[in-house]
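Descriptive structure summary
Given next are the chains, with one letter for each unit.
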Amino acid sequence: MSLRKKRFSYRNHAVAAFLIFYSSGLAASVSNISKDMISIGLGFGTPQLKSVLETEGGNKVEFEPNVDTNFIVALGYEEYGISYGFKQNEDDEFKYGESDYTDFQFRFFMDPYTIELYYQDYQGYYLKNYDEVLPGDTSPTILPELNSKRHAIIFIYTFNDDFSLNHAYSTTRLQKESGGSWLLHTSISFDKFDNNKSRMIPAASPNDYGLLNDLTGFSSYSIAAGPGYSYNLIWGGFYVNATLAIIPSLKFRKLEFVDRQEEATKFEIQNSSAKASLGWNEKAFKISLDFQYDATRVLLDDKSKAAAETMFVGLTYYWRFSN
């Protein structure tokens with residue numbers, strides 16, 4: 001099925017991470033950077049909000065926005081900081097279409113508390129695995145009307161005072177020895193994908209995706225709480241962090257089809273969150289490569305599900321200065 005490519009107006013968009021830190025007495029393994037510290041960071045990062053439809057047999061249909069890497073500038077003073085990503089031109093607009101988006105990702109690291117806020121709004125997607133959905137096609141199907149939204153509040157509590165998420169993902173604290181902690185991960189979120197009453201999966205596809213064939217959109221309000229675990233492996237200034245949470249959730253979900261709507265309330269173990277970071281963290285500077293991922297999955301029936309996935313990948317170098 002061919003879709004007319006719609007042009008979207010350009011303007012500068014942002015992916016922002018706003019970091020506020022609170023000083024408190026910590027165990028000896030974790031220490032604060034000196035007071036009167038000023039930090040400056042430069043780097044690159046890519047935000048994204050994508051959707052994945054999947055059948056019981058594992059057949060997937062993946063939708064991604066055409067988003068290029070953003071240039072990031074970060075400034076901080078003592079425990080407070082803000083970073084801003086300047087939107088770049090998209091890759092190969094003729095092939096992948098144009099995406100118009102606003103993506104703000106706020107993260108507050110206040111050991112032992114972490115708060116994350118998401119405000120994401122995307123317009124314009126393309127079918128990533130088009131060669132599987134439409135065998136023989138040589139270019140992705142463009143869906144200019146596909147709109148997505150994700151608004152979420154996430155709260156994470158760290159139980160071990162000898163462990164610091166701040167060490168891996170922020171700039172004001174140092175963890176001196178390897179160690180990890182169990183986490184409590186809670187969230188409230190709203191997720192929506194809508195293709196303006198047109199099928200998300202092209203009708204020309206020869207594959208049978210069951211219930212997904214007639215799906216035009218889905219939305220979900222989700223309340224979730226569950227356990228997670230995070231670990232910092234530290235060797236001198238070098239560190240590696242891995243964080244994972246699998247989160248049971250109560251969902252109020254709505255499905256839109258070509259000829260009907262369905263609403264339901266379900267309890268599901270479907271939400272997940274993952275973080276990974278590696279880098280070098282010293283008092284004078286820090287360099288980090290970060291990956292952050294949060295997913296809300298909605299069971300459509302016993303044989304299929306939909307997912308809204310938030311991702312951010314960034315590489316940043318920070319300089320620290322103190323009086």
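Higher on the page you've got the structure.
A few points on the structure. (Residues numbered from 1 in each chain as written. Predicted model: local features only at pLDDT ≥ 70, side-chain atom pairs only at ≥ 80, totals over all residues. Heavy atoms only, no water.)

Taken as a whole and judged by the stated rule, the model has 12 salt bridges. Among the salt bridges present, the one from D259 reaches R260, with a minimum N-O distance of 3.2 Å. One salt-bridge network, held together by shared partners, links K50, E64, K128 and E309. (Salt bridge = Lys/Arg side-chain N within 4 Å of Asp/Glu carboxyl O.)

Turning our attention to the packing of aromatic side chains. If you walk through the whole model with that rule in mind, you get 16 aromatic pairs. Their ring planes at 50° and their centres at 6.5 Å tell us that Y122 and Y125 sit as a pair that is tilted. Its relative accessible area of 0% is what places Y122 among the buried residues. The interplanar angle of 65° and the centroid separation of 5.7 Å between the aromatic rings of Y125 and F193 together place this pair among those described as edge-to-face. Of the two residues, Y125 is situated in strand β8 (residues 113-127) and F193 in strand β11 (residues 179-194); the sequence distance between them amounts to 68 residues. Each member of the pair, Y125 together with F193, is buried. These aromatic residues form a ring-pair network of at least three members: Y101, Y122, Y125, F193 and F218. The cationic tip of R150 hangs over the ring face of Y118; the distance from NZ or CZ to the ring centre is 5.6 Å. We note R260 situated over the ring of F257; from NZ or CZ to the ring centre the distance is 4.1 Å. (Phe/Tyr/Trp six-rings, centres within 6.5 Å; stacked < 30°, edge-to-face > 60°. Buried < 20%, exposed > 50% of the residue type's maximum accessible area, 1.4 Å probe, protein only. Helix = DSSP H or I, 4+ residues; strand = E, 2+ residues; numbered from the N terminus. Lys NZ or Arg CZ within 6 Å of the ring centre and 35° of its normal.)

Before going further, it helps to examine the side chain of S220. Along the chain, S220 falls in strand β12 (residues 215-235). Excluding residues within four positions of it along the chain, S220 makes contact with S189, F190, D191, K251, F252, R253, T296 and V298. (Contact = heavy atoms within 4.5 Å.)

Once that is clear, we can look at the environment of G45. Mapped onto the elements of the fold, G45 is located in strand β3 (residues 37-55). The spatial distance from the C-alpha of G45 to the C-alpha of V313 is 5.4 Å, given a sequence separation of 268 residues. Apart from residues lying up to four places away in sequence, G45 is in contact with T69, N70, I72, F312, V313 and G314.

This part covers the pairing of strand β7 (residues 100-110). Where burial is concerned, most of β7 is hidden: 9 out of the 11 residues are buried. Two strands pair when backbone bridges link them, and β7 and β8 are joined in this way by 11 bridges, in the antiparallel orientation. Across the sheet, the residue bridging to T102 is D121, located in β8. Joining the antiparallel neighbours β7 and β8 is a turn of 2 residues. (Pairing = 2+ DSSP bridges.)

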